[in-house]
Amino acid sequence: MDYFLYVRAVLDYIESHLEEEMASADVAAAAGFSLSHFHSVFRAAMGTPLASYVRSRRLIHAARRLTETAEPIVDIALRYGFSGHEAFTRSFRRRFGCPPKVFRRERFPVDTGLVFPRS
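Read on for an overview of the structure. (Residues numbered from 1 in each chain as written. Predicted model: local features only at pLDDT ≥ 70, side-chain atom pairs only at ≥ 80, totals over all residues. Heavy atoms only, no water.)

Within helix α2 (residues 24-31), the full set of buried residues consists of V27, A28 and A31. On an axial view of α2, the arc spanned by its buried residues comes to 100°, and they lie on one face. One or two positions beyond α2, positive phi appears at G32, with a value near 80°. (Buried < 20%, exposed > 50% of the residue type's maximum accessible area, 1.4 Å probe, protein only. Helix = DSSP H or I, 4+ residues; strand = E, 2+ residues; numbered from the N terminus. Arc of directions from axis to C-beta.)

See the structure below:
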């Protein structure tokens, strides 16, 4: 079975739900797979677990908001599902190498980082 189209549909689903709570079971259902099968398919296609992929996409969208808006950092953190400023800052620093405040001030370019499944 060629899973490319299924994973592609899931990526669209993820992108359109980044500002909402997103349970793994909901994402698997969007692909029409059981949860355990979906996790295997997603990891094989994308080379990363679902949770890591979603977190990365949320951070990229948050980085874009930091550079394009004056929205408070804590509001951006909450918009993308982080529990607060500290959790967001830790994840952001790991992903981008600096805290959100510095990223905003320096107006670093944001690479979309959108990765498509291996075909």
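Next comes the rest of the account.
A word on unusual backbone geometry. For R107, which is not glycine, the phi dihedral falls at a positive 50°. Looking at the element boundaries, R107 is found in the segment after α7 (100-106).

A few words now on the packing of helix α1 (residues 4-16) against helix α3 (residues 35-46). It is at 11 Å that the axes of α1 and α3 come closest, and there the two elements cross at 95°. It follows that α1 is roughly perpendicular to α3 by the angle criterion. For the pair α1 and α3, the contacting residues are V7, V10, L11 and I14 in the first and F38, V41, F42, A45 and M46 in the second. A class-by-class count of the residues in the contact of α1 with α3 yields nine nonpolar, no polar and no charged. (Axes fitted to C-alpha atoms, helices over the stretch in contact; angles between N-to-C directions. Parallel < 35°, antiparallel > 145°, perpendicular 65-115°, else oblique. Contact = heavy atoms within 4.5 Å. Nonpolar A, V, L, I, M, F, W, Y, C, P; charged D, E, K, R; others polar.)

Residues I14, F38, F42 and F88 are the most contacted members of the largest nonpolar core, which totals 31 residues. It is helix α4 (residues 50-68) that provides the largest number of residues to this core, a total of seven residues. Setting aside its immediate chain neighbours within four residues, I14 contacts M22, V27, F42, L50, Y53 and V54. (Core = buried A, V, L, I, M, F, W, Y, C linked by side-chain atoms within 4.5 Å.)

Mapped onto the elements, R104 comes out in helix α7. E71 provides the closest opposite charge to the buried, salt-bridge-free R104, at an N-O distance of 6.4 Å. Only 2.9 Å separates the side chain of R104 from the backbone oxygen of L66, close enough to count as a polar contact. Residues in contact with R104, not counting those within four places in the same chain, are R65, L66, T69, A70, E71, I73 and I76. (Lys, Arg positive; Asp, Glu negative; His and termini not counted. Salt bridge = Lys/Arg side-chain N within 4 Å of Asp/Glu carboxyl O. Polar contact = N/O pair within 3.5 Å; in protein donor to acceptor, adjacent residues only side chain to side chain.)

By secondary structure assignment, the location of P99 is in the loop between α6 (85-96) and α7. Each C-alpha atom of the pair P99 and F88 lies 9.0 Å from the other, and the pair is eleven residues apart in sequence. Sequence-distant contacts of P99, that is, excluding residues within four places in its chain, are made with T89, F92 and R93.

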